[in-house]
Amino acid sequence: MKAAVLEKPGKLAIRELPDPSCPTGGVVVKVLASNVCSTDLHMWQMGHPTLKYPRILGHEIAGVVAEVSNEEKRFKVGDKVQVYPGIGCGTCEYCRRGSENLCPSIQIMGFNLDGGFAQYLALPKSGVENGCLNIIPSSLSLSEAAMAEPLACCLNGLEKVELKKDETVLILGAGPIGCLFAMVAKHQSSGKVILFEKDSARISQARLGLEVDLLDANNVDVVEAVMELTGGLGADVVVTCFREAALEYPLLELAAPGGRVLMFSGISQDRGVVPTDLNAVHYRELALIGAYGCTSVQCQRALGLMAEGLEVNWLIS
Ligand SMILES: [Zn+2]
Ligand SMILES: [Zn+2]
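Thresholds, definitions, all that
- Residues numbered from 1 in each chain as written.
- Chains lettered and ligands numbered in written order.
- Predicted model: local features only at pLDDT ≥ 70, side-chain atom pairs only at ≥ 80, totals over all residues.
- Heavy atoms only, no water.
- Axes fitted to C-alpha atoms, helices over the stretch in contact; angles between N-to-C directions.
- Helix = DSSP H or I, 4+ residues; strand = E, 2+ residues; numbered from the N terminus.
- Parallel < 35°, antiparallel > 145°, perpendicular 65-115°, else oblique.
- Left-handed = near helix turned anticlockwise from the far one by under 90°.
- Contact = heavy atoms within 4.5 Å.
- Salt bridge = Lys/Arg side-chain N within 4 Å of Asp/Glu carboxyl O.
- Buried < 20%, exposed > 50% of the residue type's maximum accessible area, 1.4 Å probe, protein only.
- Arc of directions from axis to C-beta.
- Donors = N, O, S within 2.8 Å, 3.2 Å for Na, K, Ca; no water.
- Tetrahedral: all angles 85-135°; square planar, octahedral: opposite > 155°, others 65-115°.
- Domains from an automatic or database assignment.
- Pairing = 2+ DSSP bridges.

Our focus in this paragraph is the packing of helix 5 (residues 148-160) against helix 6 (residues 176-188). At a minimum axis distance of 9 Å, the contact between helix 5 and helix 6 shows a crossing angle of 55 degrees. Taken together, the axes of helix 5 and helix 6 are oblique relative to one another. Here the hand of the crossing between helix 5 and helix 6 comes out right-handed. Judged by residue contacts, Pro150, Leu151, Cys154, Leu155, Gly157 and Leu158 of helix 5 engage Ile177, Leu180, Phe181, Val184, Ala185 and Gln188 from helix 6.

Pasting the structure below:
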C-alpha cells in the first residue's frame, strides 16, 4: 500500500509499504477519507512530543471495513466506519468513566500509532473493543464522516465549559475548528456567537457557511468590540481556536463575570508559560478550562449531529 510517512520533522514521504495483515480479534479498514488537520501540519513542520518516527500521520479517518478477524463479530466486511483514533487501556478510572482521552496510557493513531494517511489501517482487538469504530449513518458521505473527530473535539470542549442555552460564545480564530465551534455553539445556545479572525482568506471562507458576528481583529479594538456586542459584560465562554491565541488576545478581559475560558488550542512549547491575572479569576469567578481530543461517544454524537443536518461540507477543501 501507499502511505504518507513522516520520517522526521520536515520530511514527509510517500512510501510503498506492505499491506497490513489483520490482527487477531481486530479489523483492517480501507481508508477512504483522512483529513489534514493543523496538528498534522504542525507535526510535519515541527514534530510533536508524542510522535515516534517513522510515523504514518492522520487521525481524522473514515473508511470501509476490508477484513475482519474470525473472532470479531460486531463488524463485517463492507461496513462504513468512522475511526476514533485513540486506544485507551479500557480499565483505568478515566476509561471506565468514558473519558478515555485522559487515559494515561492512551495510544493515538497518527501520533504514537500509525494513522490514516495510508490506503489501509489495521486496528488491533483492543481498539475494536474500546470503541475505535463507529458505524457511519447511511445519509453521510465518508468525507463528512471524517469530520466527526474534529467536530467531537468541539463537543468535548463545550461539554467541559458546560455551555448553557442562552450564553454568549466568543471564538478566537475562524479556521475550520473555529467554524465547527461556531456551528456547535449556535446549535446549543440561542446566545450570540462572536468570531474573531485576522486572516482575510479565513474570514471570507467562514462567511460562506456561518451566520454569526464575524469580526476582522485587525480593524477593531477586540475588548471594546466584545463589550459592545455583549452589553458591556464580556462573553460567557471564550474559546481559543488557533495556536498562540492565548498570547494574542487578553482572554480573561474578554470573559464575562462567571465566564469560562476554554484553552482548546495549545501554545508553542517554548511559550507555554503565560503571565495570568489570577485576581481576575478570583474576583470575577472565572474558570480557565482545558480541552484536548475527544471520546468515541462524542464521535458518535458528532456523526448524529451531521446526520441531523449540521452541514460541514463547505469546510472540506
Ligand atoms: Zn485534528
Ligand atoms: Zn485507560
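On to the pattern of salt bridges, then. A complete count under the given rule lists 14 salt bridges for this structure. Its salt-bridge partner being glutamate 248, residue lysine 198 comes within 3.0 Å of it at the nearest N-O pair. Of this pair, lysine 198 sits in the loop between strand 12 (193-197) and helix 7 (200-209) while glutamate 248 is found in helix 9 (residues 245-248), placing the two residues 50 residues apart along the sequence. Glutamate 248 sits in the partly exposed class, given a relative accessible area of 40%. Residue arginine 271 is joined to glutamate 244 by a salt bridge in which the shortest nitrogen-to-oxygen separation is 3.4 Å. Within this pair, whereas arginine 271 is found in the loop between strand 15 (255-263) and helix 11 (278-283), its partner glutamate 244 is found in the loop between strand 14 (235-240) and helix 9, the two being separated by 27 residues in sequence. For arginine 271, a relative accessible area of 43% translates into the label partly exposed.

To continue, consider helix 1 (residues 38-46). Taken as a whole, helix 1 has its buried residues at Asp40, His42 and Met43. Within helix 1, the buried residues cover an arc of 160 degrees as seen down the axis, which keeps them to one side. Summarising the geometry of helix 1, the exposed residues directed more than 90 degrees from the buried face are Ser38, Gln45 and Met46. Each element contacted by the buried residues of helix 1 is listed here: strand 1 (2-8).

On to the coordination of the zinc ion (ligand 1), then. Here the zinc ion (ligand 1) is held by the protein donor atoms Cys37 (SG), His59 (NE2) and Glu60 (OE), which lie 2.1 to 2.4 Å from it. Counting along the primary sequence, the residues that act as donors to the zinc ion (ligand 1) give the motif C-x21-H-E. Neither histidine 59 nor glutamate 60 differs from the other in exposure class; each is buried.

The next thing to look at is the coordination of the zinc ion (ligand 2). Note on the zinc ion (ligand 2): its protein donors are Cys89 (SG), Cys92 (SG), Cys95 (SG) and Cys103 (SG). The metal-donor distances range over 2.3 to 2.4 Å. One can describe the donor arrangement at the zinc ion (ligand 2) as tetrahedral, given that its 4 donor atoms subtend angles of 106 to 115 degrees at the metal. Read from N- to C-terminus, the donor residues coordinating the zinc ion (ligand 2) fall into the pattern C-x2-C-x2-C-x7-C. On the criterion of sequence distance, the pair formed by cysteine 89 in the loop between strand 7 (86-87) and helix 2 (93-96) and cysteine 103 in the loop between helix 2 and strand 8 (107-108) is long-range, its members being 14 residues apart.

Our next topic: the domain arrangement of the protein. Assigned domains of the protein: these are domain 1 (2-146) and domain 2 (152-290). Between the C-alpha centres of domain 1 and domain 2 there is a distance of 30 Å.

Turning to the sheet that holds strand 1, a few remarks are in order. Reading across the sheet, the 3 strands line up as 2-1-4 and stay open at both edges, with antiparallel pairing between neighbours. The open sheet has two edge strands with one neighbour each: strand 2 (11-16) and strand 4 (55-56). In this structure, strand 1 lies alongside strand 2, joined through 6 bridges in antiparallel fashion. Within the sheet, the bridge partner assigned to alanine 3 lies in strand 2 and is arginine 15.

This brings us to the environment of alanine 302. By the secondary structure assignment, alanine 302 is in helix 12 (residues 296-307). On the basis of relative accessible area, alanine 302 is assigned to the buried category, the value being 0%. In this structure the C-alpha to C-alpha distance between alanine 302 and alanine 148, which are 154 residues apart in sequence, comes to 5.2 Å. In this structure, alanine 302 is in contact with Ala148, Leu151, Ala152 and Leu155, ignoring residues within four places of it in sequence.

Backbone hydrogen bonds hold the strands of a sheet together, and the pairing may be parallel or antiparallel. Read from one edge to the other, the open sheet built from 5 strands follows the order 9-3-5-6-10, with strand pairing classed as antiparallel. The open sheet has two free edges, formed respectively by strand 9 (120-123) and strand 10 (133-135), since each of these has just one partner strand. The average angle at which neighbouring strand axes cross in this sheet is 45 degrees, direction not considered. Judged from the 7 bridges that link them, strand 3 (residues 27-34) and strand 5 (residues 61-68) form a sheet pairing that is antiparallel. Among the inter-strand pairings, valine 29 is bridged to a residue of strand 5, identified as valine 65. Along the sheet face, helix 12 touches strand 6 (80-83) and strand 10 and points at about 25 degrees away from the line of strand 10.

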